[in-house]
Amino acid sequence: MKLLNYTTTYFSAILLVLISIWAVVFYYAMFDEIYDSIDDGLDNRKMVLIARASKDPNLMQKPQLDEYLYTIEKVDFKNYRGFKDTYNDTLMYMINEEDYEPVRTLESIFRMNNEYYKIKVVTSMVEEDDQIENLLFYTILLYSLLVISILLLNNFFLRKTWKPFYHLMAQLKTFRLEKNQSITYTPTKIDEFTLLNNSIEKLLQKTQKSYEGQKQFIENASHELQTPLAIAINKLEILFEENELTENQAEQLQQALENLERLKRLNRSLLLISKIENDQFQPNENVDINAVIEKIIFNFSELASHKNMAMHFSAMEKVSKNMNPDLAYTLFSNLIKNAISHGNSGTDIIMELDAKKFSISNFSENSSLENEAVFKRFQKYNGNKNSTGLGLSISKSIAEKYGFRLHYFYKNNQHFFILKFL
Amino acid sequence: MKILIVEDEPQMLENMAQTLEAEAHIVESAVSFKEARQRIGVYQYDCILLDIGLPDGSGLELLKIIKNKGLEDGVIIVSAKDSLDDKLNGLNLGADDYLPKPFHMAELRARVKAVLRRRNFEGHTELQFGNVVINTSNRMIFIGKKEVELNRKEYDVLLYLTSNKDRLVNKTALAEHVWGDNIDQADSFDFIYSQIKNLRKKLESHKADIEIKAVYGIGYKLQNK
């Protein structure tokens, strides 16, 4: 739920409660005032009538309400000792409304010429049910207007206020550390957003710095390892040539040499990855992809025939891409080498190339590999000790560098790698 | 042949010098930019192995000095950086070859020999071992004056082994030289065996007096019968 909608919901709920309470309070306050005013009127009429009655004795006996809406009767004082003025609500039939409508009455006792009289004055009252209906209608109207105003306010005003936030979020969504992107910050007068902008800026700077540092470290470490590795390998090679070794000694030495070679390959791969990531392969040229693949197939033909495998390559079109030729070779050779080393002996490797994609498949009894994990660094299958576990990861890095998409899937005992040129 | 090795890493220098001395070359060395510049100013070499990353200067600068003086010395750039820029710059400046570290001793021998051949015979070059003659300018092989058809890889294997004759050539070094660096992750280098087998058959049938000997299953050695 968006923050705007969230606050709007809360506002609406709070308003509903507040306005309801307000309506009740308002209702009582209003009726209190109305009663007060009506009672004053009744009191006034009573006094006017009593004053008139003192001059006109005919008025002293008027038991019917009729159109003047009052009665005066003589009463026995014994029954009304201690009687106070009383106001009452009652119903009276109204001709115009053809219904009983509420009226307010005032009953009072007064003395004239030593006689006691009871006077009753009637006036029509506010129709309470109508009033409640009105009040309800206007309260709902007020409530709706308020909610609509809040919504409009949110949509126009707050949306504008929140713009720096959404602008930042949209950028963070697509932000990728390895692409060395920069983020633009919208200047804002709001402290919280300034704080957010500053914090994110600092965080990203720190992260980028440590990412750069890490890349640099891998590259430097690989560089530093080159020379000692070279020295160690060469020393062993010289030893092999100079001495008449026993077979056992030779075997031990060979194993040491093989492990150093493995280390050398690993180191070279790490160096290659950091170079790709540090964008140190700038010179691009138009590379004939068909020729690259054919060259790799030629180079790997003995390797494939040693495993009794046949490589079938069908090119629908001539494809050329603007890229670094060494990286193009590495990209395809890692894929093809992977297919040869993981394919079953005696099966076929099928390669297809067209303007949109290159696909390669091999047969293997191994079931499907994990889709994305297959491209992770140091991901190894079948415990292949000669594999550095970096080949596919390197291919993926190269593909990404040139905006290609490399993905993997498994179907009918076949492992497919598809390289899409976008 | 007189060779200068410019290399600041003493053990690296020792390995290279030892290997090249074993080939009956006269090897001199320089461990710094300054020393190398002095030597180049005074002596003439058939081949200079030039490390790019020297503590007091760049090997590429030395290469410029050599070329500006119009010296005929063959130059092989040796670089630990394995950087494409170094390779391109080096070759553009007139280096004969580029050898990235780490390299195999067999590779060093083969590269040095190739440069020396090109320098001393002005392109028309032949390599002989026993009754086998390799013409490297037109990639032809003769055994006892009779031409033998070899495919590209068989030719490369034979040339490499001949450049390292009487030396044990490790399978890894051979595979990387003939099949390229990217062959490295192959399950094993057993596939080389079938190439060697074919080559042996051809040498045998043409009555060559040299043979390829397998050594401890580690590598191969080309030697006289």
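The paragraphs below set out a description of the structure included in this document.

Criteria and thresholds
- Residues numbered from 1 in each chain as written.
- Chains lettered and ligands numbered in written order.
- Predicted model: local features only at pLDDT ≥ 70, side-chain atom pairs only at ≥ 80, totals over all residues.
- Heavy atoms only, no water.
- Pairing = 2+ DSSP bridges.
- Helix = DSSP H or I, 4+ residues; strand = E, 2+ residues; numbered from the N terminus.
- Axes fitted to C-alpha atoms, helices over the stretch in contact; angles between N-to-C directions.
- Contact = heavy atoms within 4.5 Å.
- Parallel < 35°, antiparallel > 145°, perpendicular 65-115°, else oblique.
- Left-handed = near helix turned anticlockwise from the far one by under 90°.
- Nonpolar A, V, L, I, M, F, W, Y, C, P; charged D, E, K, R; others polar.
- Phe/Tyr/Trp six-rings, centres within 6.5 Å; stacked < 30°, edge-to-face > 60°.
- Buried < 20%, exposed > 50% of the residue type's maximum accessible area, 1.4 Å probe, protein only.
- Lys NZ or Arg CZ within 6 Å of the ring centre and 35° of its normal.
- Patch = residues over 30% accessible without salt bridge, like charges linked within 9 Å, V, L, I, M, F, W, Y side chains within 5 Å.
- Areas by Shrake-Rupley, 256 points an atom, 1.4 Å probe, with all protein chains shown as cover.
- Salt bridge = Lys/Arg side-chain N within 4 Å of Asp/Glu carboxyl O.

**A look at the sheet that holds strand E6 (residues 310-315) of chain A**
All names here are of chain A. The 5 strands lie next to each other as E6-E8-E9-E11-E10, forming an open sheet whose pairing is mixed. At either end of the open sheet lies a strand with only one pairing partner, and these are E6 and strand E10 (405-411). Mean inter-strand twist for the sheet, computed between neighbouring axes without regard to direction, equals 15°. Here E10 runs beside strand E11 (residues 414-420); their pairing, made up of 7 bridges, is antiparallel. Paired with Phe-409 across the bridge in E11 is Phe-416. Here helix H7 (residues 325-342) sits on the sheet in contact with E6, strand E8 (348-353), strand E9 (357-363), E10 and E11, set at roughly 15° to E9.

**So, the packing of helix H4 (residues 191-242) of chain A against helix H1 (residues 10-21) of chain B**
Packing of H4 of chain A against H1 of chain B leaves a shortest axis separation of 9 Å and a crossing angle of 30°. For the element pair H4 of chain A / H1 of chain B, the angle class is roughly parallel. The hand of the H4 of chain A/H1 of chain B crossing is left-handed. Contact with H4 of chain A, carried on its side by Ala-230, Ile-231, Asn-234, Lys-235, Ile-238 and Glu-242 of chain A, involves Gln-11, Met-12, Glu-14, Asn-15, Gln-18 and Thr-19 of chain B of H1 of chain B and no other residues of that element. Looking at the contact of H4 of chain A with H1 of chain B residue by residue, the classes come out as 4 nonpolar, 5 polar and 3 charged.

**Thoughts on the packing of aromatic side chains**
A full pass over the atoms with the stated rule returns 20 aromatic pairs over all chains. Considering the side-chain rings of Tyr-27 of chain A and Tyr-28 of chain A, the 5.4 Å spacing of their centres and the 90° angle between planes classify their relative orientation as edge-to-face. Relative accessible area serves as the criterion here: at 11%, Tyr-27 of chain A is assigned to the buried category. Within the aromatic cluster, the residues linked to one another by ring pairs are Tyr-27, Tyr-28, Phe-31 and Tyr-35 of chain A. Stacked on the ring of Tyr-402 of chain A, the Lys or Arg Lys-401 of chain A has its end atom at 5.6 Å from the ring centre. The ring of Tyr-45 of chain B has Lys-2 of chain B lying over it, and the distance from NZ or CZ to the ring centre is 5.2 Å.

**Observations concerning a nonpolar patch on the surface**
Residues and elements named next belong to chain A. On the surface, a cluster of nonpolar side chains totalling about 680 Å² of accessible area is made up of Met-1, Leu-3, Tyr-6, Tyr-10, Ile-14 and Leu-18. Within the element layout of this structure, Met-1 appears in the segment before helix H1 (3-55). Under the relative-accessibility criterion, Met-1 is labelled exposed at 77%.

**Quick notes on the environment of Phe-421 of chain A**
All names here are of chain A. Here Phe-421 is to be found in the segment after E11. Overall, Phe-421 belongs to the buried group, its relative accessible area being 7%. In the structure, Phe-421 is positioned 15 residues away from Leu-406 in sequence and 8.9 Å away in space, judged by C-alpha atoms. Setting aside chain neighbours within four positions, we find Phe-421 in contact with Val-319, Lys-321, Phe-332, Leu-353, Asp-354, Ala-355, Lys-356, Lys-357, Phe-358 and Phe-404.

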